[in-house]
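Chain by chain, the residues run as shown.
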Amino acid sequence: MNQQLIFNDDYHFDAMHQAVSCSVLQGGLRLQVLILMPAGWQHDAWLCQVKEDCFFWEEQIEEAVKTGAIGDDGIIHLHGAG
């Protein structure tokens, strides 16, 4: 881990978006992230999987920031793999 991002350990399942929601700090800025749950997953299992794979998601978030893939709502939306 290169510490470009620091996860705030505020993971929770967002039922409205069917995604794990969390925030990260990058250069002092707080970024909100939604990691959409793939079909066939249970909420609790997806939440645990995202937490376990935080280094993978760190890379995905860094790439989204580099490419400007932040939604109009100011949230980074990532798609989980099934």
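Above: the structure in question.
For clarity, every value in this text was computed on a predicted model and none was experimentally measured.

Moving on, we come to the packing of aromatic side chains. How two aromatic rings sit relative to each other is set out by the distance from centre to centre and by the angle between their planes. Applying the stated rule across the entire model yields four aromatic pairs. Pairing W41 with W46 gives two aromatic rings, centres 5.0 Å apart and planes at 70 degrees, and the pair type is edge-to-face. Residue W41 is classed as partly exposed on the basis of its relative accessible area, which comes to 26%. With 6.4 Å between their ring centres and 80 degrees between their planes, W46 and W57 make a pair best called edge-to-face. A residue pair is termed long-range when its members are at least 10 positions apart, and W46 in helix α1 (residues 43-52) and W57 in helix α2 (residues 54-66) qualify at 11 residues. Of the two residues, W46 and W57, neither departs from the other in class, the shared state being buried.

Our next topic: the environment of W41. Inspection of the secondary structure assignment puts W41 in the loop between β4 (29-36) and α1. Spatially, the C-alpha atoms of W41 and I70 are 25 Å apart, while their sequence positions differ by 29 residues.

Turning to the nonpolar core, a few remarks are in order. Y11, V33, W46, I61 and L78 are the most contacted members of the largest nonpolar core, which totals 20 residues. Going through the elements one at a time, β3 (19-26), β4, α1, α2 and β5 (75-79) are the ones with two or more residues in this core. Residues in contact with V33, not counting those within four places in the same chain, are V20, S21, C22, V24, I61, I75, I76 and L78.

On to α1, then. By the burial criterion, the buried members of α1 are W46, L47 and V50. Down the axis, α1 shows its buried residues gathered within 100 degrees of arc, on one side only. Across from the buried face of α1, at angles greater than 90 degrees, the exposed residues are D44 and E52. Buried residues in α1 make contact with β2 (12-14), β3, β4 and α2.

The rules we used
- Residues numbered from 1 in each chain as written.
- Predicted model: local features only at pLDDT ≥ 70, side-chain atom pairs only at ≥ 80, totals over all residues.
- Heavy atoms only, no water.
- Phe/Tyr/Trp six-rings, centres within 6.5 Å; stacked < 30°, edge-to-face > 60°.
- Buried < 20%, exposed > 50% of the residue type's maximum accessible area, 1.4 Å probe, protein only.
- Helix = DSSP H or I, 4+ residues; strand = E, 2+ residues; numbered from the N terminus.
- Core = buried A, V, L, I, M, F, W, Y, C linked by side-chain atoms within 4.5 Å.
- Contact = heavy atoms within 4.5 Å.
- Arc of directions from axis to C-beta.

None of the figures reported here should be taken as evidence of function without further support.
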